[in-house]
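# Topology and contacts: notes
Listed here are the chains, written in short residue letters.
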Amino acid sequence: MSFIPSPGGAWFRDSLNAIAAFTTSSNWQALLSMATILSVVVTAMAYIKGHDMMTLLKWAGIYTLVSGVLMAIRLPVQIIDSSRPMTVYQVDNVPVGLVLPASLITTVGHALVEGYETVFHQPDALTYSKTGMLFGADLMGKSTDFMSTHPQISGLFSDYVQNCVVGDMLLNHKYSLDDLMNSEDPYRLIFSRPSPLRGLFDDNGQFQTYQWAAAQLQNAVGRDTTPGGKTWNYYVRQILGGRPNATVLFGELMGDSYRYFYGIARLV
């Protein structure tokens, strides 16, 4: 028997393992015994009140179905995560009363999702069967808060913004805060005309101009945020974990998301 959840195969595996472990424990047997005793008492009271043999037959049928079939028969389950087609999770001893409806629902749901996405095709970052609910939008939102994990770059960039960028806006009036907030490429704007006179002190305590700092930052940020860079690798691991070809996949998903959402924004 197989499940085909679109995303979240690992979550389904953990949940089914927990259910399988609980339904084979002594606690489950105790709960089942208490439920059986309670059902016998309720059925006996109903029979005494109405003297209807169908009451006893209904109880016997339901008891046999639940305890003898739905909960007694256990099947191994394969969980096929469509967002990770190379990964198949195996869970044993899952009650058939859970396996049958769950397998039917996930199989039908997966077929409907695939049919919809075939007709209304979107990039992989936005398709539910590939990446889950709102992955592309979530990735876009997270990317606006990405910060360099390289301490030297973070320190130099912080000094550059606090001294050079603020100075260019308030002292030299090269651009305004409104220009910066509405720029399609704010990095190009702040690095376009750095001061050749004002500056900062580097890690060695030597005075360097903002023109030098801008060139250093552009090169360092470029290396840090491309495949192989420290920050790039950090966010690849954080968002995609140990997926095969995670570095290539991260670049493709980021590109798809930005092209899709920024394209819509321009149209609107």
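For the structure itself, look to the data block above.
Overview of the structure. (Residues numbered from 1 in each chain as written. Predicted model: local features only at pLDDT ≥ 70, side-chain atom pairs only at ≥ 80, totals over all residues. Heavy atoms only, no water.)

The next thing to look at is the overall build of the protein chain. A tally of helices and strands in the protein chain yields 12 helices and 5 strands. Burial analysis of the protein chain (268 residues in total) assigns 30% to the buried set. Nonlocal contacts in the protein chain, meaning residues at least 24 apart in sequence, comprise 57% of its contacts between residues at least 6 apart. Carbon and sulfur atoms make up 63% of the accessible area of the protein chain, which amounts to about 16,800 Å² in all. (Helix = DSSP H or I, 4+ residues; strand = E, 2+ residues; numbered from the N terminus. Buried < 20%, exposed > 50% of the residue type's maximum accessible area, 1.4 Å probe, protein only. Contact = heavy atoms within 4.5 Å. Areas by Shrake-Rupley, 256 points an atom, 1.4 Å probe, with all protein chains shown as cover.)

With the rule as written, the count across this model stands at 8 aromatic pairs. Their ring planes at 10 degrees and their centres at 5.2 Å tell us that Trp59 and Tyr63 sit as a pair that is stacked. Taken together, the residues Trp59 and Tyr63, both in helix H3 (residues 53-70) and 4 residues apart, mark about one turn of the helix. (Phe/Tyr/Trp six-rings, centres within 6.5 Å; stacked < 30°, edge-to-face > 60°.)

Further remarks concern helix H7 (residues 151-170). With 20 residues, H7 extends 28 Å between its outermost C-alpha atoms, agreeing within 8% with the 28 Å of an ideal straight helix rising 1.5 Å per residue. Taking the largest bend as the criterion, H7 deviates by roughly 35 degrees, centred on Val161. When H7 is considered as a whole, its buried residues turn out to be Ile153, Leu156, Tyr160, Cys164, Val165, Gly167, Asp168 and Met169. Those residues of H7 hidden inside the fold are in contact with helix H8 (177-181), helix H9 (186-192), strand E4 (199-201) and helix H10 (210-224). (Expected span 1.5 Å × (residues − 1). Bend = angle between axes of the 7 residues up to and from the residue.)

Before going further, it helps to examine H3. Relative to the 26 Å expected for 18 residues at 1.5 Å per residue, H3 spans 24 Å between its end C-alpha atoms, a close match to the ideal helical length. For H3, the side-chain oxygen to backbone nitrogen distance between the N-cap and Met54 is 3.0 Å, and the N-cap itself is Asp52. (Polar contact = N/O pair within 3.5 Å; in protein donor to acceptor, adjacent residues only side chain to side chain.)

For the coordinates displayed, the defined rule picks out 4 salt bridges. Notably, a salt bridge pairs Arg13 with Asp14, separated by 3.2 Å at the nearest N-O pair. Since its relative accessible area comes to 27%, Arg13 is described here as partly exposed. Asp14 sits in the partly exposed class, given a relative accessible area of 43%. Between Asp168 and Arg198 there is a salt bridge, with its nearest N and O atoms 2.8 Å apart. Of this pair, Asp168 sits in helix H7 while Arg198 is found in the loop between H9 and E4, placing the two residues 30 residues apart along the sequence. What you see here is one network of salt bridges that share partners, running through Asp168, Lys174 and Arg198. (Salt bridge = Lys/Arg side-chain N within 4 Å of Asp/Glu carboxyl O.)

Looking now at the environment of Phe12. Looking at the secondary structure, you find Phe12 in helix H1 (residues 9-23). When the C-alpha atoms of Phe12 and Asp81 are compared, they prove to be 9.3 Å apart, with 69 residues separating the residues in sequence.

Core analysis: the biggest nonpolar cluster contains 16 residues, and Tyr160, Val165, Ile190, Phe191 and Leu217 have the highest contact counts within it. Mapped by element, the contributors of at least two residues to this core are H7, H9 and H10. With 6 residues, H7 is the largest single contributor of residues to this core. Setting aside chain neighbours within four positions, we find Ile190 in contact with Phe157, Tyr160, Val165, Tyr175 and Leu180. (Core = buried A, V, L, I, M, F, W, Y, C linked by side-chain atoms within 4.5 Å.)

This paragraph deals with the packing of helix H2 (residues 26-50) against H3. Closest axis-to-axis distance for the H2/H3 pair is 9 Å, and the angle between their directions is 165 degrees. In terms of their interaxial angle, H2 and H3 are classed as roughly antiparallel. With respect to the hand of their crossing, H2 and H3 are arranged in right-handed fashion. Of the residues in H3, those in contact with Thr36, Ser39, Val40, Thr43, Ala46 and Tyr47 of H2 are Met53, Thr55, Leu56, Trp59 and Tyr63. In terms of residue class, the contact of H2 with H3 is made up of 7 nonpolar, 4 polar and no charged. (Axes fitted to C-alpha atoms, helices over the stretch in contact; angles between N-to-C directions. Parallel < 35°, antiparallel > 145°, perpendicular 65-115°, else oblique. Left-handed = near helix turned anticlockwise from the far one by under 90°. Nonpolar A, V, L, I, M, F, W, Y, C, P; charged D, E, K, R; others polar.)

For Asp168, a relative accessible area of 0% translates into the label buried. Beyond its immediate stretch of four places on either side in the chain, Asp168 contacts His173, Lys174, Tyr175, Arg193, Pro194 and Arg198.

Here we take up unusual backbone geometry. Look at Asn93: it is not a glycine, yet its phi comes out positive at around 60 degrees. Checked against the element boundaries, Asn93 lands in strand E3 (residues 88-95). Although it is not a glycine, His173 adopts a positive phi angle of roughly 55 degrees. Looking at where His173 falls in the secondary structure, it is placed in the loop between H7 and H8. Residue His173 is classed as exposed on the basis of its relative accessible area of 61%.

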